[in-house]
Amino acid sequence: MNSIAPFTRRQFLSDASRFSALYALAGVIPLPALASSVADDPRVSQTPIADAGFASVRKIGDGLYATISDTSKGFVTICNGGFLVGKEGGLLLEAYGSAPGAAFQMDTYRKVTQLPVTSALLTHYHFDHSMGSAFYGANGIQLWGHAAVPKRIMESYVAMQGADRAAFLAPAEKRVKDAKNDIAKQHAQGDLGAISNVFDLANKTPVALPNHPLDPAKLPLNLDLGHFPIVIEHYPGHSGTDLIVRVPDQKVVYAGDLVFSNAYPACFDEKCTMSGWRSTLKTFASWDKDTLFVPGHGPVCGQAGVQSLRDVFDDLAMQADKMHKAGVPLSDATDQYVIPEKFKNFAVFAWGFCIAGAISKLYAEMGAV
Ligand SMILES: [Zn+2]
């Protein structure tokens with residue numbers, strides 16, 4: 001089950017080590033799986049039921065498990081996810097950055113139960129959540145996702161397959177060459193590394209597209225695995241394809257990339273909306289004070305984690321507004337944002353993916369571009 005053609009786990013791990021440039025700014029410090037505010041939460045088990053280094057799996061409720069990635073130890077899973085086990089079957093979340101990542105989650109699921117897997121669900125289409133989908137295809141597991149996910153995967157990643165690498169990277173390389181100062185050059189170099197890695201990953205990865213699309217107009221979807229009610233909902237913000245999985249009885253939310261915990265949000269997507277995302281976070285903040293969130297990246301958190309992310313959005317908006325009022329053109333503003341002291345430990349996957357993306361979208365929403 002672990003050797004999904006055409007690459008073995010070992011091959012992938014050696015390839016995945018080249019991913020380091022993408023996460024250079026995320027630091028090499030091992031990431032805690034839990035935010036300190038939820039470390040004593042009785043729903044959350046202190047000891048993982050599986051720990052592969054690059055990800056660990058913890059029980060976070062009755063039949064609820066969270067898979068938490070630590071990219072300082074490898075890029076097999078990259079994102080967080082988890083699984084839900086009812087009395088009749090289970091639901092797996094995310095396909096991760098590679099098929100061995102999805103296989104790790106399946107192996108852990110089998111440690112907990114022999115019940116059939118009802119389906120696997122992608123919270124959205126991004127590569128770090130979807131590139132392992134061939135594992136589900138090869139194992140006959142139905143793959144669910146927002147109805148736009150197949151199209152977005154085709155346009156974003158399948159379109160890279162067989163494309164001319166040099167031509168594809170030329171605009172990012174030009175940005176490095178034309179950088180006006182050291183900071184801009186450093187940002188551009190990080191972005192070039194990130195874009196190169198996504199290109200290379202897409203080119204060596206066979207992808208399975210979701211075969212059970214969920215029409216957002218027909219959501220929320222109530223799901224019954226024979227234990228507790230599960231609700232699948234769509235919210236705007238990160239990618240235009242974002243789904244969350246909510247277990248209201250246990251106050252647990254698998255939030256996908258609508259929540260980044262202890263990290264700057266990735267705002268590069270053409271369907272990312274800053275106003276939409278901020279209003280989604282306002283909704284999340286209105287839920288019960290004891291709500292537990294499994295974020296797309298970073299440690300499991302409570303409402304304090306959502307509040308920190310809202311504070312990051314407020315700071316991005318405040319600095320963008322100030323620069324706009326001072327007449328700073330967008331091409332300079334994207335590099336001039338300063339990470340405040342209180343967020344200096346927050347991970348930034350790549351400047352362009354996160355901060356430049358956010359500033360561009362904020363300028364656009366102000367009608368400045
Ligand atoms: Zn994402």
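Refer to the structure printed above.
Residues numbered from 1 in each chain as written. Predicted model: local features only at pLDDT ≥ 70, side-chain atom pairs only at ≥ 80, totals over all residues. Heavy atoms only, no water.

Asks: Would you mind going over the sheet that holds strand 5 (residues 90–93) with me for this structure?
Replies: Each strand in a sheet pairs with another by means of backbone hydrogen bonds, the pair being arranged parallel or else antiparallel. With mixed pairing, 8 strands are arranged side by side in an open sheet as 1-2-3-4-5-6-7-8. For this open sheet the edge positions go to strand 1 (50–51) and strand 8 (212–214), each flanked by a neighbour on one side alone. Of the pairings in the sheet, the one linking strand 6 (residues 117–121) to strand 7 (residues 143–146) comprises 2 bridges and is parallel in character. By the bridge assignment, Ala120 is partnered in strand 7 with Leu143. On the sheet, helix 2 (residues 99–112) packs against strand 1, strand 2 (55–61), strand 3 (64–69), strand 4 (81–85), strand 5 and strand 6 and is oriented at approximately 30° with respect to strand 4. (Pairing = 2+ DSSP bridges. Helix = DSSP H or I, 4+ residues; strand = E, 2+ residues; numbered from the N terminus. Contact = heavy atoms within 4.5 Å. Axes fitted to C-alpha atoms, helices over the stretch in contact; angles between N-to-C directions.)

Asks: Help me out: how do you make sense of the pattern of salt bridges in this one?
Replies: Oppositely charged side chains may form a pair once their charged atoms are brought near each other. Under the definition given, this model contains 15 salt bridges. As a salt-bridge pair, Asp269 and Arg152 come within 3.1 Å of each other at their nearest N and O atoms. Linking Asp269 in the loop between strand 12 (252–260) and helix 8 (274–286) with Arg152 in helix 5 (residues 149–156), this pair joins segments that are 117 residues apart in sequence. A relative accessible area of 2% means that Asp269 is categorised as buried. Among the residues examined, Arg152 registers a relative accessible area of 7% and is labelled buried. One salt bridge in this structure joins Arg165 and Asp200, with 2.9 Å as the shortest N-O distance. On the criterion of sequence distance, the pair formed by Arg165 in helix 6 (residues 165–178) and Asp200 in helix 7 (residues 182–204) is long-range, its members being 35 residues apart. Taken together, the salt bridges that share partners define one network made up of Lys151, Arg152, Glu155 and Asp269. (Salt bridge = Lys/Arg side-chain N within 4 Å of Asp/Glu carboxyl O. Buried < 20%, exposed > 50% of the residue type's maximum accessible area, 1.4 Å probe, protein only.)

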